[in-house]
Amino acid sequence: VQLQASGGGLVQAGGSLRLSCAASGRFFKIDVMGWYRQAPGEQRELVARIGSGGSTTYADSVQGRFTMSRDNAKNAVYLQMNSLKPEDTAVYYCNAEGSRFSVPFVSWGQGTQVTVSS
């Protein structure tokens, strides 16, 4: 299962960006998809996750500013990021957990850079 993320870029503080991630492949079932981020010199951290039924979990630092949504028919997820802050600057990675022929898998996208200027 391959994940392709897009939508990163440079934005001023207070601005918005929308990230997209689409899964491709055959004969797979995705249970949970997530967005993680990693700033220079920092560990990768969870930003948001969404289950197959649409339930979401957010990091405290983005609660109320970011919204994650999912299109199961397209095997895609989106992250709407509003009121961006310089501390949101990081490489954002898409993640998927599921199974293929009943074998569990975890896949990561290639990452997309988000830079928020002050």
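**Digging into the nonpolar core**
Link 1 in the chain: Of all hydrophobic cores here, the largest spans 30 residues; its most connected members are Met-33, Trp-35, Met-68, Leu-79, Met-81 and Tyr-92.
Link 2 in the chain: Taken together, the elements giving at least two residues each to this core come down to strand S1 (2-6), strand S3 (17-24), strand S4 (28-38), strand S5 (45-51), strand S7 (66-71), strand S8 (76-81), strand S9 (90-100) and strand S11 (112-117).
Link 3 in the chain: In this structure Met-33 touches Leu-3, Cys-21, Ala-48, Arg-49, Ile-50, Met-68, Arg-70, Asn-75, Val-77, Cys-94, Asn-95 and Ala-96, once residues within four positions along its chain are discounted.

**A closer look at the state of the cysteines**
Link 1 in the chain: One pass over the structure, following the stated rule, counts 1 disulfide.
Link 2 in the chain: The disulfide partner of Cys-21 is Cys-94, and the gap between their sulfur atoms is 2.0 Å. Residues Cys-21 and Cys-94 are joined through a disulfide that is left-handed, its torsion about the S-S bond being -85°. Here Cys-94 lies in strand S9 and Cys-21 lies in strand S3, a separation of 73 residues in the sequence.
Link 3 in the chain: A relative accessible area of 1% places Cys-21 in the buried class.

**Some details on the pairing of S5**
Link 1 in the chain: Two elements, S4 and S5, share 6 bridges in a ladder whose sense is antiparallel. Across the sheet, the residue bridging to Val-32 is Gly-51, located in S5.
Link 2 in the chain: The turn joining S4 and S5, which pair antiparallel and follow one another in sequence, is formed by 6 residues; a positive phi near 80° is taken by Gly-41.
Link 3 in the chain: In the sheet, S5 pairs with strand S6 (residues 56-58) via 3 bridges, with the strands oriented antiparallel. Note on S6: the bridge partner recorded for Ala-48 is Tyr-58.
Link 4 in the chain: As consecutive antiparallel partners, S5 and S6 are separated by 4 residues, and within that stretch Gly-54 has a phi angle of approximately 100°, a positive value.

**So, the sheet that holds S3**
Link 1 in the chain: Read across the open sheet, the 4 strands follow the order S1-S3-S8-S7; overall the sheet is antiparallel. At either end of the open sheet lies a strand with only one pairing partner, and these are S1 and S7. Adjacent strand axes in the sheet meet at a mean angle of 15° when their direction is disregarded.
Link 2 in the chain: By the bridge criterion, 5 bridges tie S1 to S3 in an arrangement that is antiparallel. In the strand pairing of S3, Gln-4 is matched with Ala-22.

**What about the environment of Ser-20?**
Link 1 in the chain: Counting through the fold element by element, Ser-20 comes out in strand S3.
Link 2 in the chain: Between the C-alpha atom of Ser-20 and that of Gln-80, which follows or precedes it by 60 residues, the distance is 8.8 Å.
Link 3 in the chain: Excluding residues that lie within four positions of it along the chain, Ser-20 makes contacts with Gln-4, Ala-5, Ser-6, Trp-35, Val-77 and Tyr-78.

Calculation notes
Residues numbered from 1 in each chain as written. Predicted model: local features only at pLDDT ≥ 70, side-chain atom pairs only at ≥ 80, totals over all residues. Heavy atoms only, no water. Core = buried A, V, L, I, M, F, W, Y, C linked by side-chain atoms within 4.5 Å. Buried < 20%, exposed > 50% of the residue type's maximum accessible area, 1.4 Å probe, protein only. Helix = DSSP H or I, 4+ residues; strand = E, 2+ residues; numbered from the N terminus. Contact = heavy atoms within 4.5 Å. Disulfide = S-S within 2.5 Å. Pairing = 2+ DSSP bridges. Axes fitted to C-alpha atoms, helices over the stretch in contact; angles between N-to-C directions.

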